[in-house]
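These are the residues of each chain, in order.
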Amino acid sequence: MTMLTLAWRYLTGYARATDPATRNAPEWPPHPARVWLALAATFFETGANPAEGEALVWLASLPDPALWLPATGGSRRRTTTVYVPVNDRPEGTGQLQSAPLTRSKQPRTFPTVWVGDAPCYLHWPDAPGAEAHRPALAQLCAKVTRLGHSASLVQMWVADAPPTPEAGFVCWLPETDTEDWLADHQLRRLHEASSLERLREAFAAGRHPTIGLATGYRPQRDNPRAAMTALKATAFDQDLFVLAQTDGPSLPVEAALQVTQALRATLMRGSPQQPPPAWLSGHEADGQPLADGRGHLAFLPLPFVGYEHADGRLLGVALAFPPDIPRPKRGAILRPSILDARGQPAAIQLKLGRLGVWVLRKRAWDDTRATLRPETWTAFPEGAICWASVTPVVLDRFPKANRLLERAAWEAEVGQLLFTACRRAGLPEPVVIDFDPTSWHVGAPRAVAKERPLRGQTLPRPAQAKFGGGFPPYLVKGATAPKPQLHVFLQFAEPVVGPVLLGAGRFFGYGLFKPLKPRHPRS
C-alpha cells in the first residue's frame with residue numbers, strides 16, 4: 001500500500017481558528033477539510049497550476065485521514081472579547097470612511113489554542129496514486145502560509161511517514177461506530193468533499209466556503225482489556241465518562257454529595273427507559289436494591305487535589321460504569337441528558353438549593369486539565385501500587401471496640417473492615433493499610449470536621465462547635481447515626497488499575513482514591 005502524510009507546523013506556536021459549532025470556541029485540531037481548503041486557497045492565489053489542481057481533486061477523493069497530534073498540544077487559551085472597527089461602508093454615504101471617530105466598533109473574539117513547536121499530521125495509510133501526485137502536492141504545500149485565520153501562520157510539507165506514540169504523539173481515528181454516543185464528536189469528518197468548482201462559485205458569489213457535517217474522531221487505543229490482562233482492576237470500567245463544570249459557583253469538594261446526588265436524579269429523569277435500567281438506578285424494577293452482586297453506575301467528584309497549590313475545588317464529575325455494560329447501551333440511556341438535538345454537548349443544570357445552579361457539560365477532548373483526565377483517577381494503563389483517598393471512606397458498620405478506651409482493638413477492627421471492603425470492591429488484598437482523619441493528598445479536606453466543646457457549658461455532655469474544614473457525615477438510608485469515616489492509604493503488592501472506590505458511600509463519590517507516589521505510611 002502507498003501511504004500519504006501531510007505535515008504542518010504552527011510558526012507562532014498558536015493555532016487560531018473558530019469552531020463552526022461554537023463561535024467563541026477554538027477549533028482544534030483543524031478540520032481535515034480546513035487543511036484541504038488551505039491548499040486550495042494557495043492553489044488559486046499562486047496561478048492555478050494544472051498539476052496541483054489534479055492533485056487537489058485526487059486528494060478530496062480519499063477517505064477520511066487519521067490525525068497525529070502532539071500529546072501536549074491543544075491547550076485552549078482564555079477567549080477575550082475585543083472591539084474592532086467595522087469594514088468601510090459602500091461608497092456614496094457621504095462620510096469619511098477612514099476617519100476613526102466615524103467608524104463604529106463591534107465585539108469579536110479570536111479563539112486560540114497553544115500547540116507548541118511539534119508538527120501535526122494528516123495520514124492516509126492507503127492512498128493509491130500518491131506517487132503520481134506527490135511532486136505537485138509537495139510544491140503546493142511549500143507555498144501554504146496559513147491554516148484557518150490569517151494569524152495561524154504555518155509551514156507545510158509532505159512527510160515520509162507519520163510519527164509514533166513514543167515520540168509524544170496521539171493518533172486520532174474516524175469514529176466508525178455511529179451508535180456510540182459517548183465518543184468525542186468535536187472533530188468533523190469531510191462528508192461531502194469540496195471541489196474546486198464549488199470554491200470558484202462561492203468566491204464569485206462572495207460566500208465563504210463551508211465544511212462538512214459532524215461525526216466523530218476518537219484516540220486510538222490498544223485493546224484495553226488485553227492490556228489489562230496482567231493487571232488487577234476494580235469492579236468498575238476504567239473508561240470514565242467525564243463531565244466538566246462550565247458555569248455556576250465554585251464549590252469545594254465537601255459539596256460532593258449534593259452534586260453527585262443531583263446528577264444521579266437528573267440522569268434518572270432523562271433516561272428514555274422508565275423505570276431506568278438497574279445499572280443506572282442501582283435498583284430492580286420492583287424498587288429493591290441490586291443484591292446479586294451486579295454493580296451499577298458510580299458518580300465520582302473530581303476535585304483539584306494532590307498538587308502543590310491544590311485548593312480542593314470541584315472541577316467536574318466522572319461516571320464509572322460496570323464493565324459488562326457495552327458502550328452503545330450506555331450511550332442510548334444517557335444521550336438525551338448529555339447531548340442536544342445536534343449531537344453537541346448539552347448543558348446539564350444541577351439545582352443545588354442554597355449553593356446555586358451548577359452546569360456541567362461533556363468534557364472537551366482537548367481539555368488538558370489533569371484533574372479531568374480519566375487516567376488521573378485510574379492510572380490506566382500502567383496501574384499504581386499506592387492509592388490514597390481524596391474523599392473519606394465510610395465504614396460498612398460500626399466497630400465494636402471503643403475508639404478512646406480500646407484504641408489497639410479499634411484500629412485492628414477498622415483494618416479488618418477495610419480488608420473486607422477491598423475484597424468487596426474486587427481489589428487484591430493490600431499489603432499496607434493506614435487510616436487517619438487527614439488525607440495524604442494536598443488540598444483534600446479532613447474526613448470529618450474537628451469539634452470542641454462550647455465555652456461556658458457545664459452540662460455532662462456540652463454542645464460541640466465545629467472548627468476547620470471537613471466532609472459532612474454520610475448517612476446511610478435507614479440509619480439513625482452516621483458511620484465512622486476516615487481517609488485511607490492502600491499499598492498493593494502489584495499495580496492496580498482504578499477507579500478505586502471503597503466504603504458505604506462509594507456510588508456517590510465517598511471513598512474515592514487517587515494514585516499516590518510510593519511512600520511510607522504514617523504509622
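Residues numbered from 1 in each chain as written. Predicted model: local features only at pLDDT ≥ 70, side-chain atom pairs only at ≥ 80, totals over all residues. Heavy atoms only, no water.

Quick notes on the nonpolar core
So, point 1. Among the nonpolar cores identified, the biggest contains 52 residues, and L263, L300, L319, L350 and W358 are the most heavily contacted of them.
So, point 2. Contributions of two or more residues to this core are made by β15 (241-247), α6 (256-270), α7 (278-281), β16 (298-303), β17 (314-320), α8 (327-338), β18 (348-351) and β19 (357-362).
So, point 3. Among residues more than four places away in sequence, those in contact with L350 are V259, A262, L263, T266, G356, V357, W358 and L360.
So, point 4. Listed in part, the 40 residues of the second largest apolar core include Y10, V113, L122 and L140. (Core = buried A, V, L, I, M, F, W, Y, C linked by side-chain atoms within 4.5 Å. Buried < 20%, exposed > 50% of the residue type's maximum accessible area, 1.4 Å probe, protein only. Helix = DSSP H or I, 4+ residues; strand = E, 2+ residues; numbered from the N terminus. Contact = heavy atoms within 4.5 Å.)

Overview of the sheet that holds β16
So, point 1. Across the sheet, which stays open at both edges, the 5 strands sit in the order β16-β17-β15-β19-β18 with antiparallel pairing between neighbours. Strands with a single pairing partner mark the edges of an open sheet, and in this sheet they are β16 and β18. Taken pair by pair, the neighbouring strands of this sheet meet at an average axis angle of 30 degrees, ignoring direction.
So, point 2. Sheet topology note: the β16/β17 ladder contains 6 bridges and is antiparallel. Considered in β17, the bridge of P301 is made with V317.
So, point 3. Against the sheet, α6 touches β15, β16, β17, β18 and β19, its axis set at about 125 degrees to β18. (Pairing = 2+ DSSP bridges. Axes fitted to C-alpha atoms, helices over the stretch in contact; angles between N-to-C directions.)

Some details on the packing of helix α2 (residues 50-60) against helix α3 (residues 130-141)
When two helices pack together, their arrangement is given by the angle between their axes and by how far apart the axes lie.
So, point 1. One way to put it is that α2 packs onto α3 with a least axis distance of 9 Å and a crossing angle of 115 degrees. Taken as a pair, α2 and α3 cross one another with a handedness that is left-handed. Contacts between α2 and α3 involve A51, E52, E54, A55, L56, W58 and L59 from the former and A130, H133, A136, L137, Q139 and L140 from the latter.
So, point 2. Classifying every residue of the contact of α2 with α3 by side-chain character gives 9 nonpolar, 2 polar and 2 charged. (Left-handed = near helix turned anticlockwise from the far one by under 90°. Nonpolar A, V, L, I, M, F, W, Y, C, P; charged D, E, K, R; others polar.)

Some points on the packing of aromatic side chains
So, point 1. Under the definition given, this model contains 10 aromatic pairs.
So, point 2. Judged by centre distance (4.9 Å) and plane angle (65 degrees), the ring pair of Y14 and W114 falls under edge-to-face. On the criterion of sequence distance, the pair formed by Y14 in strand β2 (residues 14-16) and W114 in strand β9 (residues 112-114) is long-range, its members being 100 residues apart.
So, point 3. Note on Y14: relative accessible area 34%, which makes it partly exposed.
So, point 4. Here W114 falls in the partly exposed class, since its relative accessible area comes to 33%.
So, point 5. Note on F236 and F507: the rings are 5.9 Å apart at their centroids and 70 degrees apart in plane angle, and the pair reads as edge-to-face. Here F236 is found in the loop between β14 (232-233) and β15, whereas its partner F507 is found in the loop between β25 (485-497) and β26 (513-516), with 271 residues between them in sequence. Each of the two residues, F236 as well as F507, counts as buried.
So, point 6. The rings of F471, Y474 and Y510 are connected pair by pair, giving a single aromatic cluster.
So, point 7. Its end group placed over the ring of W377, K514 keeps NZ or CZ at 5.5 Å from the ring centre. (Phe/Tyr/Trp six-rings, centres within 6.5 Å; stacked < 30°, edge-to-face > 60°. Lys NZ or Arg CZ within 6 Å of the ring centre and 35° of its normal.)

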